[in-house]
Amino acid sequence: MEETRVLLRNKDVANMVDVAVSMEHGGYVGLRNALLMDGAQVIETLRDSGLRGRGGAGFPTWMKIKFAYDAGGTSKVVVCNADEGEPGTSKDRILLSTDPHSIFEGMAIVGKAIGAGRGFIYLRAEYSYLFPILENALDSARKSGILGKNILGSDFSFDIEMRSGAGAYVCGEETALFESIEGKRGEPRTRPPYPGTYGLFGLPTVLNNVETLANIGPIFANGVDWFRSIGSENSPGTKLFTVTGNVHRRGVFEFPMGTNLKDIIYEVCGGIAGGKELLAVQTGGASGAIIRPSQIDIPLDIDHVASSGGRLGCGTIFVIDDSNCVLDIVKNTLEFFTNESCGKCIPCREGGVQLLKLIKKISEGRGSVIDIDTMMDLSNTMRETALCGLGHSTPVPVLTSIANFRDSYDRHLDKDPCSKCSPERGLK
Amino acid sequence: MHQSQYSFTTSPSALVQVAEIASRYKGRQDKLMDVIIAVQKIVPSLAEDVAAVIAREMGLSQNHVYSFVTFYEYLSVQPRGKYMIRMCSSAPCHVRGAKDVMDTITEMLGIKIGETTPDNRFTVETCPCLGICDISPAIMINDKVYGDLDPERARELIKKYIREDI
Ligand SMILES: Cc1cc2nc3c(=O)[nH]c(=O)nc-3n(C[C@H](O)[C@H](O)[C@H](O)COP(=O)(O)O)c2cc1C
Ligand code: SF4
Ligand code: FES
């Protein structure tokens, strides 16, 4: 199966940090076109393109921009979320390192739409080795008049600054990210007010994922019809998929939205490694649904995956073979969430710890049916009452694994010792 | 956090450097992260005396600086080793044998996860996904990434670091 390389079109081009090289390969054509439009026209184009966010929620990009456009005031900002913290994803790293100008271009176009003069890129600490590369790319763009005052000879001025994270998954949540850039603990804010009116430094803000931003230049360069010809009706365009776990070929691949999950696992990635059988697949990172082999024949677009109880999220495909136990995977994700919970609200701070205790108890053969019921109760409470997406998504792997792998849970209740998820194998 | 560790004493010359860095950003709370990242490169830890200097020079409360530092995994009020080894424990690394790699590394260094060797050269921590799952199981040592590890490769790698042959 051939990849459709739109975002990764320049992946194998050397020295894409240099703005001249980027421009030889079509860089900033979209920005030139956008600079001829007014803000409303830019937003209309994005609306017609049908572009939706690639950072997790799949929210229509034009609407976020419209909120900030409609907000009063003259000082507004654009933020690029390069925190890429969802376990199992590396697509933003690939974009940042192989085509940084495509991200700057997207930010400048959003800036043009809302009349923002400043942009920020919040880069996770784990990618600090990309910091100098991005700084060089920014310098290169400034020297060519693509960033800074009156970019490309227009009356629009826009510049971008780098900001560092320091190892906190929750800082990928938009309001926590603002707090972090402002020099505070990265704790999510209560909403409203929403970022469109009160975001970074209290200013109207548009925050987008790296991949979302990289889509914007090509839309303005090639047109809305071209964009809509790729992918599915409700999720146009391509998607970057990071395939991890027990497959032959792992990595980041680009396919149209709506590509079949089973085909990616078997045709693109060569199926399960080491003569084992497929046990389960988790899409959407640690906060995604865990599904059975019989459920993987599905198109990967935002709405399809959502309607089957999971989420496409940032596009991770985590493949698990039968030398593992589903409960062990759930335990691993709960360890992750309890470590990363910021502790600001009780449902998440306490709920996560209780869920982890219960899954440990069950996996060690000491659990009862009541414990499974309690896990479901706790999960539903967290979904309804937690303050931010971290607390809302912690229960997703729990509830989906109980729904799809009830037999595995029941087997543990029979008190058969499970060799695949002994406490020895679990972490910590 | 143990108070005694937060009270680690920093050399006066390092504190002068800290003051020099922090004083450039008086009143710029949004530069706190940049200042702290720069400072962490020149002091053994973000201990009380360091926090006091940063707070004074930037016009923040010492409490703010402390609560900021303790929120983030990459910032530390305790001294860490010259080599910070971060071993990914997220599920994609886990199903490819991360636990065996961790056991090998902690055994070789003779310390538990979260500890620093007595010679202050190595600290080991587990961490969530490093974003390099295509080469899981993966670890980072300071700014360098290493992947496709198994116990044998991990042993070779750590030996090189022990010999400073890197
Ligand atoms: C706990 C948590 C972590 C998140 N981490 C990220 C992240 O690392 N990168 C990202 O782009 N979005 C992340 N998000 C989603 C963002 O809050 C936000 O929805 C997204 O960046 C919006 O961009 P988009 O509209 O372009 O998708 C996270 C959300 C939550 C709740
Ligand atoms: S849901 Fe969790 S991470 Fe989000 S604010 Fe509450 S405690 Fe913090
Ligand atoms: S899960 Fe270990 S690097 Fe991503």
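In this text the structure is predicted, and so the values were computed from the model without any measurement. All residue numbers here refer to positions counted from 1 along the written sequence of the relevant chain. Chain A is the first chain written and ligand 1 is the first ligand written, with later ones labelled in order. Totals for whole chains, interfaces and linings use every residue, but because this is a predicted model, local features are given only for residues with pLDDT of at least 70 and side-chain atom pairs only at 80 or more, for both listing and counting.

*Asks:* Tell me about the overall build of chain B, and please be specific about residues and values.
*Replies:* Check the secondary structure of chain B and you find eight helices and four strands. Overall, the C-alpha framework of chain B stretches about 50 × 30 × 30 Å when taken along its three principal axes. Looking at chain B as a whole, 39% of its 166 residues qualify as buried. Considering only intrachain contacts with a sequence separation of at least 6, the fraction spanning at least 24 residues in chain B is 64%. Secondary structure is summarised from DSSP: a helix means a run of H or I of at least four residues, a strand means a run of E of at least two, and numbering begins at the N terminus for each. Exposure classes come from backbone-placed C-beta atoms, where a residue is buried if 20 or more other C-beta atoms lie within 10 Å of its own, exposed if 12 or fewer do, and partly exposed in between. Contact between two residues is assigned whenever their backbone-derived C-beta positions fall within 7 Å.

*Asks:* Go over the interface of chain B and chain A with me, naming the residues and quoting the values.
*Replies:* Facing the 31 residues of chain B at the interface are 40 residues of chain A. Broken down by element, the side of chain B that touches chain A gets its largest block of residues, four residues, from helix H3 (residues 32-40) of chain B. Along the lines of polarity and charge, the residues of the side of chain B that touches chain A split into 16 nonpolar, eight polar and seven charged. Amino acids are sorted into nonpolar (Ala, Val, Leu, Ile, Met, Phe, Trp, Tyr, Cys and Pro), charged (Asp, Glu, Lys and Arg) and polar (every other residue, Gly among them).

*Asks:* How would you explain the domain arrangement of chain B if you had to name every residue and give the values?
*Replies:* Just so you know, the domain bounds were taken from an automatic or database domain assignment. Per the domain assignment, the segments of chain B are domain 1 (3-69) and domain 2 (83-162). On a C-alpha basis, the centroid separation for the pair domain 1 of chain B and domain 2 of chain B is 29 Å.

*Asks:* Break down the UniProt feature "binding site: [2Fe-2S] cluster" (unreviewed entry) in chain B for me, with residues and values.
*Replies:* UniProt positions are given in the numbering used here, feature names are shortened, and annotations may be inferred rather than shown by experiment. The UniProt feature table records "binding site: [2Fe-2S] cluster" (unreviewed entry) at Cys88, Cys93, Cys129 and Cys133 of chain B. These annotated residues cover 46 residues of sequence, and their C-alpha atoms all fall within 9.3 Å of one another, placing them together at a single site. Its place among the elements puts Cys88 of chain B in strand E1 (residues 83-88). Not counting chain neighbours up to four residues away, the residues in contact with Cys88 of chain B comprise Cys93, Ala98, Cys127, Cys129, Leu130, Ser136, Pro137, Ala138 and Ile139 of chain B. Not counting residues up to four positions away in its chain, the partners in contact with Cys133 of chain B are Gly88, Ser90, Thr242, Thr244 and Arg250 of chain A together with Pro92 and Cys93 of chain B.

*Asks:* Now, about the domain arrangement of chain A: what can you tell me, with residues and values included?
*Replies:* Residue and element names in this part refer to chain A. Examined at the domain level, chain A breaks down into domain 1 (19-228), domain 2 (238-321) and domain 3 (326-421). One C-alpha centre belongs to domain 1, the other to domain 2, and the line joining them spans 27 Å. Counting from both sides, the interface comprises 13 residues of domain 1 and, opposite them, 13 residues of domain 2. Within the side of domain 1 that touches domain 2, the residues separate by chemical class into two nonpolar, six polar and five charged.

*Asks:* Break down the site of ligand 1 for me, with residues and values.
*Replies:* Residue and element names in this part refer to chain A. Note on definitions: a residue is near a molecule or strand provided its C-beta atom, placed from the backbone, lies within 6 Å of it. Around ligand 1, the surrounding shell holds 23 residues, and the nearest of these are Gly53, Gly55, Gly172, Asn209 and Gly389. For the shell around ligand 1, the secondary structure elements donating two or more residues are strand E4 (205-209) and helix H16 (389-393). At three residues, E4 tops the list of elements feeding residues into the shell around ligand 1. Here the shell around ligand 1 spans two domains, and each of domain 1 (19-228) and domain 3 (326-421) adds at least three residues to it.

*Asks:* Just give me the short version of the site of ligand 2, but keep the residues and values in it.
*Replies:* Residue and element names in this part refer to chain A. The environment of ligand 2 is formed by 14 residues, the closest being Cys342, Cys345, Cys348, Cys388 and Gly391. Secondary-structure elements contributing two or more residues to the shell around ligand 2 are helix H14 (346-363) and H16. In terms of residue class, the shell around ligand 2 is made up of nine nonpolar, three polar and two charged.

*Asks:* Quick rundown of unusual backbone geometry? Include the residues and the values.
*Replies:* Leaving glycine aside, a negative phi is the common case for residues, and trans is the common case for peptide bonds. The omega angle of the peptide bond from Arg191 of chain A to Pro192 of chain A is -5°, so this bond is cis rather than trans. A cis amide bond links Ser136 of chain B with the next residue in sequence, Pro137 of chain B, at an omega value of -5°. The topology assignment puts Pro137 of chain B in the loop between strand E2 (122-127) and strand E3 (139-141). The phi torsion at Tyr28 of chain A lies on the positive side, around 70°, for a residue other than glycine. One can find Tyr28 of chain A in the loop between helix H1 (19-24) and helix H2 (29-35). Judged by the 26 C-beta atoms lying within 10 Å of it, Tyr28 of chain A is buried.

*Asks:* So what's going on with the pairing of strand E11 (residues 316-321) of chain A? Which residues, and what values?
*Replies:* Residues and elements named next belong to chain A. With respect to burial, E11 is a largely interior element, five of its six residues being buried. As paired strands, strand E5 (residues 238-245) and E11 are joined by four bridges and run parallel to one another. Directly across from Val243, in E11, lies its bridge partner Ile317. By this definition, two strands are paired if DSSP reports at least two bridges between them. Pairing of strand E8 (residues 278-283) with E11, which is carried by five bridges, proceeds in the antiparallel orientation.

*Asks:* Before we move on, could you go through the packing of helix H6 (residues 100-114) of chain A against helix H7 (residues 131-143) of chain A and cite the residues and values that matter?
*Replies:* Residue and element names in this part refer to chain A. Between N-to-C directions, angles cover 0 to 180 degrees, with each direction set by a line fitted to C-alpha atoms, over the stretch in contact for helices. For the pair H6 and H7, the least separation of the axes is 10 Å and the interaxial angle reads 60°. Judged by the inter-axis angle, H6 sits oblique to H7. The crossing of H6 and H7 is right-handed. Residues Pro100, His101 and Phe104 of H6 touch H7, and the partners they reach there are Leu134, Ala137 and Ala141. Looking at side-chain class alone, the contact of H6 with H7 contains five nonpolar, one polar and no charged residues. Here the angle decides the label: under 35 degrees means roughly parallel, over 145 means roughly antiparallel, 65 to 115 means roughly perpendicular, and every other value means oblique. For any helix crossing, the convention is left-handed if the near helix is rotated counterclockwise from the far helix by under a right angle, and right-handed if that rotation is clockwise.

*Asks:* Outline the packing of helix H13 (residues 326-340) of chain A against H14 of chain A, supporting the account with residue identities and numerical values.
*Replies:* Residues and elements named next belong to chain A. Look at H13 against H14: their axes get within 9 Å of each other, and the N-to-C directions meet at 155°. When the axis of H13 is compared with that of H14, the two are roughly antiparallel. For the pair H13 and H14, the sense of crossing is left-handed. Contacts between H13 and H14 involve Leu327, Asp328, Val330, Lys331, Leu334, Glu335, Phe337 and Thr338 on the former and, on the latter, Gly352, Val353, Leu355, Leu356, Ile359, Lys360, Ile362 and Ser363. Its residues assigned to classes, the contact of H13 with H14 comprises nine nonpolar, three polar and four charged.

*Asks:* Account for the sheet that holds strand E6 (residues 251-256) of chain A, with residues named and values stated.
*Replies:* Residues and elements named next belong to chain A. Taking strand neighbours across the sheet as the criterion, the five strands line up as E6-E5-E11-E8-E9 in an open arrangement whose pairing is mixed. With partners counted over all chains shown, the strands left at the sheet margins are E6 and strand E9 (290-291), one partner each. Pairing of E8 with E9 involves two bridges; the strand directions are antiparallel. Looking at the pairing, Gln282 lines up with Ile290 of E9. On top of the sheet, helix H11 (residues 261-268) reaches E5, E6 and E11; it is set at about 65° to E11, its chief contact.

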